[in-house]
Amino acid sequence: MKILLSKRVLNIPKSSTLQITAKAKELKRMGFDVINFAAGEPDFKTPKEVINEINRAIEEGYIYYAPSKGYKELREEICKKYKELYNVDINPEEVIITPGAKQAIFEAISSIINPGDKVLIPSPCWVSYEPMVKLCDGRVEFVRTIEEEGFKIDIEDLRKKANGAKLLIINYPNNPTGSSYGYDELKEIVDICLENNLYILSDEIYDRITFEKHVTMLSFKDIRDRLIVVNGFSKTYSMTGFRLGYAIANEKIIDEMSKVQEHTVSCATSFIQIAAITALRKCEYFVRMMNYEYKRRMDYISRRLSEIGISFVKPKGTFYIFPKFNYNGFKLANILIEKYHVATIPGEAFGIGGENHLRLSITLPIEKIEEGIQRIEKCLKEMNY
Ligand code: PMP
Ligand code: GLU
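The structure presented is a predicted model; accordingly, all values stated were derived computationally and were not measured.

> Where do I start with empty space enclosed by the protein in this structure?
Unoccupied space between atoms shows up once a probe the size of one water molecule is rolled over them. This structure, assessed with the given rule, holds two cavities of 30 Å³ or more. The space that makes up the largest cavity amounts to roughly 110 Å³. Forming the walls of the largest cavity are 16 residues, and the residues nearest its centre are Pro122, Pro124, Thr145, Asn171 and Asn174. Every element with two or more residues in the lining of the largest cavity is listed here: strand 3 (118-123) and strand 6 (165-171). Split by residue class, the lining of the largest cavity holds ten nonpolar, six polar and no charged. Its volume calculated, the second largest cavity comes out at about 90 Å³. Lining the second largest cavity are 13 residues, and of these Lys81, Arg208, Asn231, Tyr246 and Leu280 lie nearest its centre. Of all the secondary structure elements, the ones that give two or more residues to the lining of the second largest cavity are helix 4 (72-86) and strand 8 (227-232).

> I tried to follow the site of ligand 1 on my own but got confused; where do I start?
Taken together, 14 residues are adjacent to ligand 1, and Ala101, Asp203, Tyr206, Ser234 and Arg243 come closest. With respect to ligand 1, the backbone of Lys102 contributes an N or O atom lying 3.0 Å from an oxygen atom. Between Arg243 and ligand 1, the recorded distance is 2.7 Å, taken from a side-chain N or O atom to an oxygen atom. Computed on the free molecule, ligand 1 has an accessible area of 390 Å², of which 93% lies beneath the protein chains in the complex. For the shell around ligand 1, the element with the most residues is helix 5 (residues 101-112), which contributes three residues. Looking at the shell around ligand 1 residue by residue, the class counts come to six nonpolar, four polar and four charged.

> For this particular structure, what's the right way to read helix 12 (residues 329-340)?
In an α-helix, one turn spans 3.6 residues; hence positions three or four apart end up facing the same way. For helix 12, which comprises twelve residues, the first-to-last C-alpha distance of 15 Å matches the rise-based estimate of 16 Å (1.5 Å per residue) to within 8%. Residues Gly329, Leu332, Ala333, Leu336, Ile337 and Tyr340 constitute the buried set of helix 12. Take helix 12 and look down its axis: the buried residues cluster within an arc of 125 degrees, on one side only. Counted as exposed and oriented over 90 degrees from the buried face of helix 12: Lys331, Glu338 and Lys339. For helix 12, the N-terminal capping position is held by Asn328, with its side-chain oxygen 2.9 Å away from the main-chain nitrogen of Phe330. The positive-phi residue at the C-terminal boundary of helix 12 is His341, with phi of around 55 degrees.

About the thresholds
- Residues numbered from 1 in each chain as written.
- Chains lettered and ligands numbered in written order.
- Predicted model: local features only at pLDDT ≥ 70, side-chain atom pairs only at ≥ 80, totals over all residues.
- Heavy atoms only, no water.
- 1 Å grid on protein atoms, 1.4 Å probe; cavity = no way out; pocket = protein on both sides within 12 Å on 5 of 7 lines; lining within 4 Å.
- Points joined across faces, edges and corners; volume = space filled by probe spheres on them.
- Helix = DSSP H or I, 4+ residues; strand = E, 2+ residues; numbered from the N terminus.
- Nonpolar A, V, L, I, M, F, W, Y, C, P; charged D, E, K, R; others polar.
- Near = heavy atom within 4 Å.
- Polar contact = N/O pair within 3.5 Å; in protein donor to acceptor, adjacent residues only side chain to side chain.
- Areas by Shrake-Rupley, 256 points an atom, 1.4 Å probe, with all protein chains shown as cover.
- Expected span 1.5 Å × (residues − 1).
- Buried < 20%, exposed > 50% of the residue type's maximum accessible area, 1.4 Å probe, protein only.
- Arc of directions from axis to C-beta.

By themselves these figures say nothing about function.
Structural data, given as structure tokens:
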């Protein structure tokens, strides 16, 4: 019998970041000495305060469905954090708690995009935006970024493509390039979106892993009605497996997203939400400790890459670095994992502009980073690079 599966789903690829990360973990489990630069997740243990609170919350009976938008106490705590960090005023009705930031992004796109709508995405970009737009029958147009200027959006290209577009998806600090933007640069982008009536989906999941001050898109009051900011607990509190994220947008958009949530996942896990309140209240020390450590590792790997003559743009945030090679990224990543047991993500996986790059995630201790760099150097030498 012929099975006719959905063209929409047949049309999207698997997530290369998740696939390669799983492969690296599997090799490690099999006993290979793998240096894993592929994993897009922190290597620190979740703070003990959060774990203890999960146990307490379960004991206390937070084992049933939570309200679809999330517990009000958690939404209030997020508002407080944004006030404290960025001095922006958000009301809890403008927040929805989701099982992971990924779900928040999907709900936002589902709530905004009609079939055929044009969505602009600066590229290289994280692997899941385009598939999500396609799942909503939207049409992606990539906007160029300029590597020589730190992988910043090419403003002229954005201006040209903004006409007739519905949504801009921006992500900073950026996965995979580590690029970010200051206030004036963001203002220029916001103004183009305002002139062309675009919505902005601003994925700021790496806002607390920054080597310079982060400016949230929420700072721009004029765009607030057309803005969705996405964030989460995965990266900030090393809680990737807990699946907890959120979105901030005007109430009308949040209500629409909430409908998608009600009919798909119902709500985010109740006891994890309770523990997240503790993360926000008590774990600022942890966020700072991780940030300090990533900065140290980033300085280290930057120095080492320079020493062996590999070019890269110095990241302004995230735990990714995106060096450039005179070699196809897929091929190089393949040689590195097969022969040298070094896992990386080929730049091509991140689309236009990612060709001949590798994404290295520095979520491993400096000794391991050093070992990985030595293996990469050996590989390049043996290839007569
Ligand atoms: N956005 C970006 C840019 C990411 O790198 C990730 C990584 N997982 C996510 C969103 C989703 O995060 P999560 O669903 O774990 O909250
Ligand atoms: N965001 C991380 C990455 O880019 C985790 C995997 C994923 O969700 O894509 O590697």
